[in-house]
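Per-entry structural report
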Amino acid sequence: MRIRVAAPPAGTDIAVDEQADFGYLVPPLDAPEHYLPETAETLGELDELGNLMIDAVEPEDATDETSAADSTMPPVLTYWGQFLDHELTARTDRESIITSVVNAHPPVSSSTVESQFRNARTPRFDLDSVYGGSPIGPGVTADVVTVISGMRHPTHVNKMRVGTAVDPGPLPDSLDEHRDLPRYVQIQASVRDAALRLAQASMSQEEFERFSSELGQRALIGDTRNDENLVVAQFHLSFLRFHNKAVDFLASYKTGWLPDFASAQMLTRLHYQWLIIEGYLKGVCDPTVVDRVVQDRASHFFRFRAEFDARRQNTRLGNALPLEFSVAAYRFGHSMVRAFYDYNKNFGRPGSGILPNATLNLLFGFTGGGGNIAGDKKLPKNWVIDWTRFIGVAPHDSSDGQPARVARKIDTDLAPSLGKMIKEGNDEADVQLKALFKHLARRNLRRGYNLRLATGQAVHQYLQQHGAVETGPITDVSTIINAKPSLREFLRNTQSKMHQRTPLWFYLLAEAEAGGGNRLGELGSWLVASTFIGVLLADPDSALSRGFAPSQSPLRMPDNSEIDSLAKWMSFARVMP
């Protein structure tokens, strides 16, 4: 059994690092037909494919997206998925001596990947991004503990600290103004000083100077990636508020539970983990596949871990995640990102507010590192989210010319904003490298090639042969994207024969597209669901391992109903009426 050892947080994070492994679900094979050809020409073709995935959608100067891109999924699923990703993995997309999108050819050997490519999170849905993890381990100093402790309310110590939105307003509803993440501008000097010492020890001088100059508006949260996009930031806030409202509820009603930090943390985690399956997985995956994996107790996931452990006995850390999940399958959410959102009454319908909608670029701007809150160092009230527009309780189509209140389809098209991401590549002097780092599709395709993922057809065939999925591989992907003739012909004419040896990420998007784009196909559903459910079952304290259901919780809504949906979660947390 591996002993969990926490390491000091890296960079701007607060949550401690606990490294874990990545491994191949499909055991590394000496079978060239199961992989893309390892040639420079293949890399060029991957770049062309990535460009086509962006060019197939709206022009850059569009003010909205066509209804053809709309799914039936509420937009919260896009950003809920991003939050969940930050629970499972960290620092896997950075350039390193192990993996590079710049120098993606030749691919890294599978042995090097499995022995040296590490995950900076021990994958558990334990909300270390919210609570900071367990600060015990080599190198975990008093400064680390001080900053993690600073996430708690300074006087109501059973509660988590939250921030307060400031004028200009108005708020989107009649609820209170405590609707921002906690930011260093409101924190006592001892915590700020500890954070600066930690940052200086792990950053270059240039990075540290930038960090310290922006410290006031930065969020005091376990994983600072949750403050890179305003929707994710507001989603993170709901956890802080849910925890605090749980303390209030337990103090107000005779439930037998102590109204303390430990009780609120446990209940927050259990409700969250239950919603992962019943709300998130069944929202983006085929529910029959989710139920099948639960009933099977994720046996294939644990077989993968056992086989990985046997292969890497001398180099393993433990708690491995499949590379096919992390590098391909779980990147499906990139296709769901909209360029425009009906965000709240100030930046959305009825259109009489400040702007007719909120662009994706604005949602990146109103965050700790985005630059738009540098003045007051707190979120303006008019940028507090209206969750009713994001979770499906107040649906609206795009017939009035404004963004529909849905996510984009899961398909082979990405929003134009993801071809020129405003927060990426800005430090690159080389024009071509800057363009590469700003282009999400090219980066994803190059990463999968560099880390030597098997093709979609090979993964599908392997899992069918082992009884994990029922359908067989799509032998020619071009036949299921007939509505896109230029993309179809490109695939058929590639030297690498991408129509028959398809990059796994693209394959899974095409599989979903063929089914209508409103959820993942069977293979994509299985890769995502088996990983999530396996992770939950590997934790003996998880909601799934305990057999938890909301009916067992002492927490209730004002009408005494159970908290058994995301809408009720938001309402209980008082971030939605």
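On a predicted model such as this, the values are computed, not experimentally measured, just so you know. (Residues numbered from 1 in each chain as written. Predicted model: local features only at pLDDT ≥ 70, side-chain atom pairs only at ≥ 80, totals over all residues. Heavy atoms only, no water.)

Moving on to the overall build of the protein. Looking only at helices and strands, the protein has 21 helices and five strands in total. Computed over the C-alpha atoms, the radius of gyration of the protein is 23 Å, within 12% of the 25 Å expected from 2.2 N^0.38 for a compact globule of 577 residues. Considering only C-alpha atoms, the protein reaches an extent of 65 × 60 × 50 Å along its principal axes. With 577 residues in all, the protein has 59% of them scored as buried. Element-wise, carbon and sulfur atoms account for 50% of the exposed surface of the protein, whose accessible area totals about 21,900 Å². The distance from the centre of the 59 positive side-chain charges to the centre of the 70 negative ones in the protein is 4 Å. (Helix = DSSP H or I, 4+ residues; strand = E, 2+ residues; numbered from the N terminus. Rg over C-alpha atoms; globule rule 2.2 N^0.38 Å. Buried < 20%, exposed > 50% of the residue type's maximum accessible area, 1.4 Å probe, protein only. Areas by Shrake-Rupley, 256 points an atom, 1.4 Å probe, with all protein chains shown as cover. Lys, Arg positive; Asp, Glu negative; His and termini not counted. Charge placed at Lys NZ, Arg CZ, Asp CG, Glu CD.)

It is worth spelling out the nonpolar core at this point. In terms of nonpolar packing, the biggest core is built from 169 residues, with Trp 387, Phe 532 and Ile 533 touching the most fellow members. By residue number, the principal contributor to this core is helix α8 (residues 230-252), which donates 13 residues. Excluding residues that lie within four positions of it along the chain, Trp 387 makes contacts with Val 76, Val 231, Gln 234, Phe 235, Met 570, Val 575 and Met 576. (Core = buried A, V, L, I, M, F, W, Y, C linked by side-chain atoms within 4.5 Å. Contact = heavy atoms within 4.5 Å.)

A few words now on the confidence of the model for the protein. Of all residues in the protein, 96% attain a pLDDT of 70 or more, and the chain-wide mean is 93. Under a pLDDT of 50 for its full length, residues 56-61 has, in the predicted model, twelve contacts with residues more than four places off or in other chains. (pLDDT = per-residue confidence, 0-100.)

Once that is clear, we can look at the packing of aromatic side chains. Inspection of every chain in the model, using the stated rule, returns 31 aromatic pairs. For the ring pair Phe 242 and Phe 572, a centre distance of 4.9 Å and an interplane angle of 50 degrees mean the geometry is tilted. On the criterion of sequence distance, the pair formed by Phe 242 in helix α8 and Phe 572 in helix α21 (residues 566-572) is long-range, its members being 330 residues apart. Look at Phe 242 and you get buried, because its relative accessible area is 0%. Ring geometry for Tyr 341 and Phe 390: centres 5.8 Å apart, planes at 20 degrees, overall stacked. Residue Tyr 341 is found in strand β4 (residues 340-341), and its partner Phe 390 is found in the loop between α13 (360-365) and α14 (431-438); the two are separated by 49 residues along the sequence. We classify Tyr 341 as buried; its relative accessible area is 2%. Residue classification places Phe 390 among the buried residues on the basis of a relative accessible area of 0%. One residue, Arg 152, lies across the ring of Phe 261, its end atom 3.7 Å from the ring centre. Just above the ring of Tyr 35 sits the side chain of Arg 452; from NZ or CZ to the centre is 4.0 Å. (Phe/Tyr/Trp six-rings, centres within 6.5 Å; stacked < 30°, edge-to-face > 60°. Lys NZ or Arg CZ within 6 Å of the ring centre and 35° of its normal.)

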